[in-house]
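One letter stands for each residue in the lines below.
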Amino acid sequence: TIAKEREELLRSRRSEPNLSRLSSSDGHQPLGDAATVLMMDGLLHEQDVLVSSGSRLDDYITIGRNALTELYEQRNILKSTQRRMLDVATTLGLSTTVIRYIEQRTQQDKWILWGGMAVTVFLFWVILRAFG
């Protein structure tokens, strides 16, 4: 439809008398047919770009909303899984204090492991420096 309107404007412009040779009331000459066509092409292109940009922004907003909704759903799934794990641990006879003790012990074991690895690497380095 845009191309159709453009053609209609060009036809109506050609059928009018040539006003480009007449001067306007302020002494400036109106633009010629070629300049008018170029200006209209530029404006049509600008309109197309703005319309496509708007639709892309709408698509990005929709994608963001969908991602946020999925994150909320994952959060709820993880919360329910954690509750089930605690229920199973309680059912097996483990109290919450025992579970906390196990979690603390796991952290302590991790620090002991990293410290032992660092000491071992240091001792290897000292042995290589002394006898290497």
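Computed from a prediction, not measured in an experiment: that's the story for all the values here.

1. A look at the overall build of the protein chain
Move 1: The helix and strand inventory of the protein chain stands at three helices and zero strands.
Move 2: Put simply, the protein chain runs from its N terminus to its C terminus through helices and strands in the order α-α-α.

2. Points about helix H2 (residues 33–91)
For an α-helix, 3.6 residues make a turn, and residues three or four places apart therefore share a direction.
Move 1: For H2, built from 59 residues, the straight-helix expectation of 87 Å at 1.5 Å per residue is met to within 8% by its first-to-last C-alpha distance of 87 Å.
Move 2: Inspection of H2 places Val37, Met40, Ser80 and Ala89 among the buried residues, and these make up the whole buried set.
Move 3: Following H2 by one or two positions, Gly93 has its phi on the positive side, about 100 degrees.

3. Considering a nonpolar patch on the surface
Move 1: Among the surface-exposed residues, Val119, Phe122, Leu123, Trp125 and Val126 lie close enough to one another that they form a single nonpolar patch of about 500 Å² accessible area.
Move 2: Position of Val119 among the secondary structure elements: in helix H3 (residues 96–131).

4. Quick notes on the confidence of the model for the protein chain
Move 1: Of all residues in the protein chain, 81% have pLDDT values of 70 or greater, and the mean over the chain is 80.
Move 2: The low-confidence segment residues 16–24 (pLDDT under 50) makes nine contacts with residues lying over four places distant or belonging to another chain.

What counts, and where the lines are drawn
- Along every chain, residues carry numbers that run from 1 in the direction the sequence is written.
- Given that this is a predicted model, residues contribute local features only at a pLDDT of at least 70 and side-chain atom pairs are listed and counted only at 80 or more, while totals for whole chains, interfaces and linings are drawn from all residues.
- Computation of side-chain values: all heavy atoms of the structure, hydrogens and water removed.
- The numbering of helices and of strands both runs from the N terminus, where a helix is a DSSP run of H or I of at least 4 residues and a strand a run of E of at least 2.
- A helix is expected to reach a length of 1.5 Å times the quantity of its residues less one.
- Partly exposed describes any residue whose relative accessible area lies between the buried limit of under 20% and the exposed limit of over 50%, with all areas from a 1.4 Å probe on protein chains only and scaled to the type maximum.
- Excluding any residue in a salt bridge, patches collect residues exceeding 30% relative accessible area, merging like charges within 9 Å and nonpolar Val, Leu, Ile, Met, Phe, Trp and Tyr side chains within 5 Å.
- Working definition of accessibility: Shrake-Rupley area with a 1.4 Å probe, residue cover restricted to the visible protein chains.
- Throughout this description, the term salt bridge denotes a Lys or Arg side-chain nitrogen within 4 Å of a carboxyl oxygen of Asp or Glu.
- Values of pLDDT, ranging from 0 to 100, describe the predictor's confidence in every residue of the model.
- The contact rule is simple, with two residues in contact once any of their heavy atoms fall within 4.5 Å.

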